[in-house]
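An overview of the molecular structure
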Amino acid sequence: MILQPEVKIKQIRELKNFTQEYMAQQLGLSTRAYSKIETGETQLTIHRLNEISAIFGVPPMEILGFDDKQVFNNCKQDGYIGINHISHSEKLIQQYEDTIQALKEQIALLKLLLDK
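Report on the accompanying structure. What you are looking at is a predicted structure, and each value in this text was computed from that prediction instead of being measured.

1. Comments concerning the packing of aromatic side chains
One pass over the structure, following the stated rule, counts two aromatic pairs. Between Phe 18 and Tyr 22 the ring centres are 4.9 Å apart and the planes differ by 45 degrees, which places this aromatic pair in the tilted class. A relative accessible area of 31% places Tyr 22 in the partly exposed class. Considering the side-chain rings of Phe 18 and Phe 56, the 6.2 Å spacing of their centres and the 25 degrees angle between planes classify their relative orientation as stacked. Of this pair, Phe 18 sits in the loop between helix H1 (5–15) and helix H2 (20–27) while Phe 56 sits in helix H4 (residues 46–56); the two residues are 38 residues apart in sequence, bridging distant segments of the chain. Among the residues examined, Phe 56 registers a relative accessible area of 1% and is labelled buried. Taken together, the ring pairs in this structure connect Phe 18, Tyr 22 and Phe 56 into an aromatic cluster.

Definitions and cut-offs
Residues numbered from 1 in each chain as written. Predicted model: local features only at pLDDT ≥ 70, side-chain atom pairs only at ≥ 80, totals over all residues. Heavy atoms only, no water. Phe/Tyr/Trp six-rings, centres within 6.5 Å; stacked < 30°, edge-to-face > 60°. Buried < 20%, exposed > 50% of the residue type's maximum accessible area, 1.4 Å probe, protein only. Helix = DSSP H or I, 4+ residues; strand = E, 2+ residues; numbered from the N terminus.

Shown next, in the form of structure tokens:
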């Protein structure tokens, strides 16, 4: 499913912990007027997209290409929000689960030794 730009703007705003009030203030709009952008009631113009991307500190094309199935990474590099795919192999997941189990067993053993 391809998301509309206004939905992507809302997702990025939330990931950056910006409120609608903050965005509205930065854009010189009322909160209701900004809300209409995120709901699609007001058509998003190129000019407005450029203003929003400047507030987010990312290029407009990164907003348009934002995929909520990707992970947001706070490390800013050259102005980009740093979207990275994260994939874990089954082997890596199994290694972590094995390590967790071994640590649980060690904790249980140490508790027994402390009780003696």
